[in-house]
Amino acid sequence: IDPNKTFNVHLLSNDVKDKRGELIYDEVIENKLATKIDDKSISVRALVSKDGKTIATELRHYGTVILSYEEDNPYSELNNIKAHIHYLNSASKVSFHSITGYKSFDYGSAMLFFNGFRVMPYGDPKDDWLRLNQRKAQGTMRHLGTRELFGIVEINDGSRKFAPVSSREGMENNLAFKQLADLS
């Protein structure tokens, strides 16, 4: 599998038509939730460079970049990783619900994608793979929990530093995965 290849999913149904007889489902399926919620939340975007030398971070306030910086990457096993995490205040949670039809805490938290595919169960509503709720319990004014955050962490790993355990059990808890959880 080449992690640099991309593909699209196109849904075409010959059975489901609207009142005029036109196909309802004939389009490329895209997940635009992160971009739709970007203008309605405070978010952090982080990028570990492809060569693993730097981490670039942006803090956004309702879509506008208010702070950005780049630093040396102290994590030896991490490269080519993107994260886009949203803080959902009360108003953002209402917007999230109107966009998705789900309450944010029923939808999930920080979801993990490995070479373009979602890794279960990371990000499920009851999964706290980053131990956010544990940190929040230690100091409520200093940390956010899974109920306040939504986002995506994307790993593009051509060097096989990360290892999936199976399609249902997540990732091996190796050094690279531990560093990723620490970075988050």
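Colleague: Lay out the pairing of strand β6 (residues 81–87) with the relevant residues and their values.
Modeller: Across seven bridges, strand β3 (residues 42–48) lies against β6 in antiparallel orientation. Looking at β6, one finds that V48 is bridged to I81. Across seven bridges, the pairing between β6 and strand β9 (residues 149–155) is antiparallel. From the neighbouring strand, H84 faces β9, where its bridge partner is I152.

Colleague: Please give an account of helix α2 (residues 90–100) that cites residues and values.
Modeller: Among all positions of α2, only S92, S95 and F96 are buried. On an axial view of α2, the arc spanned by its buried residues comes to 105°, and they lie on one face. In α2, those exposed residues whose orientation departs by more than 90 degrees from the buried face are S90, A91, V94 and S98. Taking the backbone nitrogen of A91 as reference, a side-chain oxygen 3.2 Å away marks N89 as the first, capping residue of α2. Immediately beyond the C-terminal end of α2, within one or two residues, lies G101, with a positive phi of roughly 85°.

Colleague: Just give me the short version of the nonpolar core, but keep the residues and values in it.
Modeller: General note: in soluble globular proteins, nonpolar side chains tend to be found buried as a group. One finds I81, L112, W129, F162, M171 and L180 to be the most contacted residues of the largest nonpolar core, which totals 22 residues. Mapped onto this core, the elements with two or more residues apiece are β7 (110–114), β9 and α5 (175–183). Broken down by element, this core gets its largest block of residues, four residues, from α5. Residues contacting I81, with those up to four places away along its chain left out, are A46, L47, V48, V153, E154, I155, F162 and L180. Among the nonpolar cores identified, the runner-up in size contains eight residues, and L33, I37, L88 and F96 belong to it.

Definitions and cut-offs
Residues numbered from 1 in each chain as written. Predicted model: local features only at pLDDT ≥ 70, side-chain atom pairs only at ≥ 80, totals over all residues. Heavy atoms only, no water. Pairing = 2+ DSSP bridges. Helix = DSSP H or I, 4+ residues; strand = E, 2+ residues; numbered from the N terminus. Buried < 20%, exposed > 50% of the residue type's maximum accessible area, 1.4 Å probe, protein only. Arc of directions from axis to C-beta. Polar contact = N/O pair within 3.5 Å; in protein donor to acceptor, adjacent residues only side chain to side chain. Core = buried A, V, L, I, M, F, W, Y, C linked by side-chain atoms within 4.5 Å. Contact = heavy atoms within 4.5 Å.

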